[in-house]
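# Residue-level structure breakdown
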Amino acid sequence: MSREDPVKRHTAALVGNPNAGKSALFNALTGARQKIANYPGVTVERKAGRLALPDGDSVELIDLPGSYSFDAASPDEDVTRKVVHGEFEGEAIPEVIVLVLDASNLEQHLVFAQEVLELGRPTVVALNMIDLAERDGLTLDPDALSEALGVPVVPTVAVRRRGLEELAAAIAEAEAHADEDAHKRWHITLPERRLAAKHMARAAILSKSTRHTVENGIDRVLLNPWIGPVILFGLLFVIFQAVFAWATPFADALEGGVGAISGLVSASLPSGFVHDFLVEGVLAGVGSVVVFLPQIVILFFFILLMEASGYMARAAFLMDRLMAGVGLSGKSFIPLLSSFACAIPGIMATRSIPDPKDRLTTILVAPLMTCSARLPVYAVIIAAVIPQTTIGPGVGLQGLVLFALYIAGIVGAMVVALVLRHTVTSGAASGFIMEMPRYQLPRLKDLVIGLWQRAWVFLRRAGTIIFTVTIVLWLMLSFPKAEPGESQMDASVAGMIADGLHPVLEPIGFNREMSLALVPAMAAREVAVSALATTYAVDAEDENLAAEGVTDRIAELWSLPTALAFLAWFVFAPQCISTIAVARRETNGWKWPAFMVGYLFVLAYVFAGLTFWIATALGL
């Protein structure tokens, strides 16, 4: 809807620097009344929701991407500029601007605030995270600040829902003045804008605190160019040790529970379609993935802890030197780090990278980051073929192998980025400026909510994508039925598919079951585990073998070189259709996704083969 549209739509827009707390404020103000889509013609996300006002009316609240200036340097900032200035086709110009400022970092946020205030539009300032400012010894006078800026100023703490009613009332008042000719009370002239920093400095009284001294001391260690990276990689090492060491008892309990349910079903139901469907398809297939939920939760616990404490931004700063060495900037680090959870949000996070060549390169290497979907594959193979031995104080061999796989993905991404930046995406590395957030203790409630959301996403995938693909595979493995003396795998439709793939993959050490598992794993990497479990359950010659877990069957049937080759394949292979689809959307075509899929499959084949051949030559 354009500005000229005769149908009036009341709108307000949240604007501000990144890390000002806009999204938290948006969520607190709109609750569940949100819609998320892309702006027409661009890949930048549009978040809008209904905000109920005290007078009974409501406005559409738009959460615009974080910006440092209206002089756009990225697709995100360009969308913000166009929407605020009414230049975006089909988007109504916001009647009210809600300027979100980080109360603990006013000097940084003032630069963009001056540009917003210069527009002379009905504006309300949300002085957000004021609790952190007070914690840091910064005493603010919102009334003095309001007088200096010429607009209402409302102190808020979005995560604790403080100041929301007052902010809604201020937005309602601003919205009421939006149609009046006499909205000069909202206007701030250019000379006044240039003096705004001085007024704001007078309105805020800064007192040095012990906390500032402590935080600066911590940063001198954590951001040291030599000590900082050692601490970062040491932390990552601890995380991957914990993924195995902490999760083992919980994973064993889940596996025991799945086994008990399978035994109960076998004892309760007669042999037949329903029995086989539940035991071989649902419990053996889907159950084999669900048991890795503890590893997923532990991995995300550390990621959320790093984000909430303020360490994640510092990790990006530390990685800037490494990124510059391969032609990228530290801005690529956070999208790549997000890809450890899932490459899809990682690729979408590249929208904040201003340089198009930087952004394209980051998209192309993001699938090399070891996403959480690979974790069940790694965990089941490592548990099957790597001894559960300790090689040092608190250092397990299984955790060390997992750490090595993650490092292999990182190194692979850096090498590929270096090659790309000197060939198809050549260009100079762009600059990198990042605001360091304050250190803070993560709130237990936020951690629990975050872990539950990620656990639910994993379980939902297990109950939808993984379940569907596993059942389809079970049907393909179960029909046609084998003749007496014939293997069910040989007789089935799935066996025919495996026979077609196996000659291509046999030179790199893959057996038929491994070759078959790669096909359904294109839907989601975790499906490789359920596919193997289902295949072995269907093809088992007796009930005892069918009841064995996939880990036991792999330990019995696979050689160590074969298992290592399978791990090497999953370090590189683009086994996820959703990732390919989002790459197509973000690059506006199939050219670069096709290139990405091609080079990743080549790397997967080559390195799986090298791993198998070298391991075999060494007699492993």
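Quick caveat, the model's predicted, so the values are computed rather than measured.

What follows is about the packing of aromatic side chains. A full pass over the atoms with the stated rule returns 17 aromatic pairs. Between phenylalanine 510 and tryptophan 569, the ring centres sit 5.6 Å apart and the planes meet at 65 degrees, which makes this aromatic pair edge-to-face. Of this pair, phenylalanine 510 sits in the loop between helix H21 (493-505) and helix H22 (512-517) while tryptophan 569 is found in helix H26 (residues 560-572), placing the two residues 59 residues apart along the sequence. Exposure class is identical for phenylalanine 510 and tryptophan 569. Each is buried.

Attention shifts here to a nonpolar patch on the surface. On the surface, a cluster of nonpolar side chains totalling about 750 Å² of accessible area is made up of Val602, Val606, Phe607, Leu610, Trp613, Ile614, Leu618 and Leu620. Of note, valine 602 is situated in helix H28 (residues 591-617).

Scanning the model with the defined rule gives 14 salt bridges in all. Residues aspartate 490 and arginine 512 are paired through a salt bridge, measuring 2.6 Å at the closest nitrogen-oxygen approach. Of this pair, aspartate 490 sits in helix H20 (residues 488-491) while arginine 512 sits in helix H22, and the two are 22 residues apart along the sequence. Here arginine 512 falls in the buried class, since its relative accessible area comes to 18%. Arginine 585 is paired through a salt bridge with glutamate 586; the nearest N and O atoms lie 3.6 Å apart. One network of salt bridges, in which partners are shared, links Asp78, Arg81, Lys82 and Glu87.

A word on the packing of helix H16 (residues 356-365) against helix H27 (residues 577-587). Between H16 and H27, the least distance of the axes is 11 Å, while the angle of their chain directions is 170 degrees. By the angle between their axes, H16 is roughly antiparallel relative to H27. Residue-level contacts link Arg359, Leu360 and Ile363 of H16 to Ala583, Glu586 and Thr587 of H27. Of the residues contributing to the contact of H16 with H27, the split by class is three nonpolar, one polar and two charged.

Disulfides are covalent bonds that connect the sulfur atoms of two cysteines. In the structure shown here, the tally under the stated rule is zero disulfides. Residue cysteine 576 stays outside any disulfide, its sulfur separated by 6.2 Å from that of cysteine 342, the closest cysteine.

For the rest of this paragraph, the subject is the nonpolar core. Among the nonpolar cores identified, the biggest contains 119 residues, and Phe510, Ile554, Phe566 and Trp569 are the most heavily contacted of them. At 11 residues, the largest contribution of residues to this core is made by helix H18 (residues 397-421). Setting aside residues up to four positions removed in sequence, phenylalanine 510 forms contacts with His502, Leu505, Ser515, Leu518, Ala565, Phe566, Trp569 and Ala608. Formed by 30 residues, the second largest nonpolar core is a distinct cluster that contains Val83, Val125, Leu127 and Leu149.

Right, let's talk about the side chain of threonine 370 for a bit. Topologically, threonine 370 is positioned in the loop between H16 and helix H17 (374-385). Judged by relative accessible area, threonine 370 falls into the buried class, the value being 0%. Beyond its immediate stretch of four places on either side in the chain, threonine 370 contacts Ser339, Phe340, Tyr378, Leu405 and Tyr406.

Take the pairing of strand E6 (residues 123-128) next. In terms of burial, E6 is a largely internal element, six of the six residues being buried. Residues Thr123, Val125 and Leu127 point to one face of E6 and Val124, Ala126 and Asn128 to the other, with burial holding for every one of them. Sheet analysis places strand E5 (residues 96-102) next to E6, joined by six bridges and oriented parallel. Bridge pairing in E6 places valine 98 opposite valine 124. Since E5 and E6 lie parallel, the crossover through helix H3 (residues 106-118) that links them has a hand, and here it is right-handed.

Criteria and cut-off values
- Here the residue numbers are simple positions, counted from 1 along each chain's written sequence.
- Selection of residues for local features in this predicted model requires a pLDDT of at least 70, selection of side-chain atom pairs for listing and counting requires 80 or more, and totals for whole chains, interfaces and linings are taken over all residues.
- Hydrogens and water are ignored here; the side-chain numbers use all heavy atoms of the structure.
- Here the aromatic set is Phe, Tyr and Trp, taking the six-membered ring for Trp, and pairing holds for ring centres within 6.5 Å; pairs whose planes are under 30 degrees apart are stacked, those over 60 apart are edge-to-face, and all others are tilted.
- By the criteria applied, helices consist of DSSP H or I runs no shorter than four residues and strands consist of E runs no shorter than two, each listed in order from the N terminus.
- Burial classes: relative accessible area under 20% of the type maximum marks a residue as buried, over 50% as exposed, and values in between as partly exposed (1.4 Å probe, protein chains only).
- Only residues above 30% relative accessible area that lack a salt bridge enter a patch, with like-charged residues linked at up to 9 Å and the nonpolar side chains Val, Leu, Ile, Met, Phe, Trp and Tyr linked at up to 5 Å.
- Reported accessibility uses the Shrake-Rupley method at a 1.4 Å probe radius. Residues are deemed covered only where the shown protein chains occlude them.
- Here a salt bridge means any side-chain nitrogen of Lys or Arg lying within 4 Å of a carboxyl oxygen belonging to Asp or Glu.
- A fitted line through C-alpha atoms serves as each axis, taken over the contacting stretch for helices, and the angle formed by two N-to-C directions is quoted from 0 to 180°.
- Small angles under 35 degrees read as roughly parallel and large ones over 145 as roughly antiparallel, with 65 to 115 read as roughly perpendicular and the rest as oblique.
- Whether two residues are in contact is decided by their heavy atoms: any pair within 4.5 Å suffices.
- Three residue categories are used. Nonpolar comprises Ala, Val, Leu, Ile, Met, Phe, Trp, Tyr, Cys and Pro, charged comprises Asp, Glu, Lys and Arg, and polar comprises the others, including Gly.
- The definition used for a disulfide is geometric: two cysteine sulfur atoms within 2.5 Å.
- To qualify as a nonpolar core, a set must consist of buried Ala, Val, Leu, Ile, Met, Phe, Trp, Tyr and Cys residues joined through side-chain atoms within 4.5 Å.
- Between any two strands, pairing holds if DSSP finds at least two bridges.
- By definition, the crossover connecting two strands over a helix is right-handed if that path, from the first strand to the second, turns clockwise as seen with the strands pointing away from the viewer.

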